[in-house]
Amino acid sequence: MKYPGTSDPYKRKKTIRFLIISTIVGIGTVAVMSSFFTMIGQDDPLKVCIDDRETPFKMKVTLELIIDGLPAEIPANINSGFNEDECQRAMYTLTDDGTIYVEWEEEYPWEIGHFLWMWDFPLREMDQDKSTFYVNDKESTKFINTLLQDGYHYKGVFTSKDYDTSKDTDFLPEPEN
């Protein structure tokens, strides 16, 4: 079978030349854009490692998570750099008691959602209409966009989309004592 542009040697040469030039332009564009985005992201506190940075701005907050009515554990060493092939990030945990440490070069508007994103918390599996955040036992209207403040306690109450609320209700009569 003869493919278009390959039967005549002149057309074949033009077709191959066009494909080579298109490939070079495509690879060049990807290389330039990749290096451009790398340069932009070098100072993004949500993405960079802080192992070799001076971080005078420090903050410590506590987080408590309740998922479907049950307390959820916040693991130790999230983004701490202690795990193999991992560097220390700007938000991290050292223990499993819910203490989150925040470090950066300057003051930054840190949100509780930043930590959840860096931790890969399954927020998409939660029903956001039935979930809320409390700051020092007062409900926040900003949900995951609640700003972090040093020393504050944050409590996230989440209901998963798969949660069956009917098992919370018992239709049996109250037992008589």
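Thresholds, definitions, all that
Residues numbered from 1 in each chain as written. Predicted model: local features only at pLDDT ≥ 70, side-chain atom pairs only at ≥ 80, totals over all residues. Heavy atoms only, no water. Phe/Tyr/Trp six-rings, centres within 6.5 Å; stacked < 30°, edge-to-face > 60°. Helix = DSSP H or I, 4+ residues; strand = E, 2+ residues; numbered from the N terminus. Buried < 20%, exposed > 50% of the residue type's maximum accessible area, 1.4 Å probe, protein only. Core = buried A, V, L, I, M, F, W, Y, C linked by side-chain atoms within 4.5 Å. Contact = heavy atoms within 4.5 Å. Salt bridge = Lys/Arg side-chain N within 4 Å of Asp/Glu carboxyl O. pLDDT = per-residue confidence, 0-100. Disulfide = S-S within 2.5 Å.

**Notes on the packing of aromatic side chains**
Thinking step 1. Under the definition given, this model contains eight aromatic pairs.
Thinking step 2. For the ring pair Phe-121 and Phe-158, a centre distance of 5.0 Å and an interplane angle of 45° mean the geometry is tilted. Residue Phe-121 is located in the loop between α2 (112-119) and β5 (132-135), and its partner Phe-158 is located in strand β7 (residues 153-158); the two are separated by 37 residues in the primary sequence.
Thinking step 3. The class for Phe-121 is buried, based on a relative accessible area of 10%.
Thinking step 4. Owing to a relative accessible area of 1%, Phe-158 belongs among the buried residues under this scheme.
Thinking step 5. Ring pairs connect the aromatic residues Phe-115, Trp-119, Phe-121, Phe-133, Phe-143 and Phe-158, which therefore count as one cluster.

**Regarding the nonpolar core**
Thinking step 1. Among the nonpolar cores identified, the biggest contains 30 residues, and Leu-63, Trp-110, Phe-115, Leu-148 and Phe-158 are the most heavily contacted of them.
Thinking step 2. Those elements that provide at least two residues to this core are β1 (57-67), β4 (99-104), α2, β5 and β7.
Thinking step 3. Top contributing element to this core by residue count: α2, with five residues.
Thinking step 4. With near-sequence residues (within four places) excluded, Leu-63 lies in contact with Ile-74, Gly-98, Ile-100, Ile-112, Phe-115, Phe-133, Tyr-154 and Gly-156.

**Brief notes about the pattern of salt bridges**
Thinking step 1. Inspection of every chain in the model, using the stated rule, returns three salt bridges.
Thinking step 2. Across the pair Lys-58 and Glu-103 runs a salt bridge whose closest N-O atoms are separated by 3.3 Å. Residue Lys-58 is located in strand β1, and its partner Glu-103 is located in strand β4; the two are separated by 45 residues in the primary sequence.
Thinking step 3. For Glu-103, a relative accessible area of 13% corresponds to the buried category.
Thinking step 4. Lys-130 is paired through a salt bridge with Asp-127; the nearest N and O atoms lie 3.9 Å apart.

**Observations regarding the confidence of the model for the protein chain**
In low-pLDDT regions, the fine details of the predicted coordinates are not to be read closely.
Thinking step 1. Summing up the model confidence of the protein chain, the mean pLDDT is 85 and the portion of residues at 70 or higher is 88%.
Thinking step 2. Within the protein chain, β7 carries the highest mean pLDDT (95), whereas helix α1 (residues 9-40) carries the lowest (86).

**As for the state of the cysteines**
Thinking step 1. Within the structure shown, the criterion is met by one disulfide.
Thinking step 2. One disulfide bridge connects Cys-49 with Cys-87, the sulfur atoms lying 1.7 Å from each other. The sign of the -60° torsion about the S-S bond sets the Cys-49-Cys-87 disulfide as left-handed. Placement of the pair is Cys-49 in the loop between α1 and β1 and Cys-87 in the loop between β2 (70-72) and β3 (91-92), with a sequence separation of 38 residues.
Thinking step 3. Cys-49 sits in the partly exposed class, given a relative accessible area of 29%.
Thinking step 4. For Cys-87, a relative accessible area of 18% translates into the label buried.

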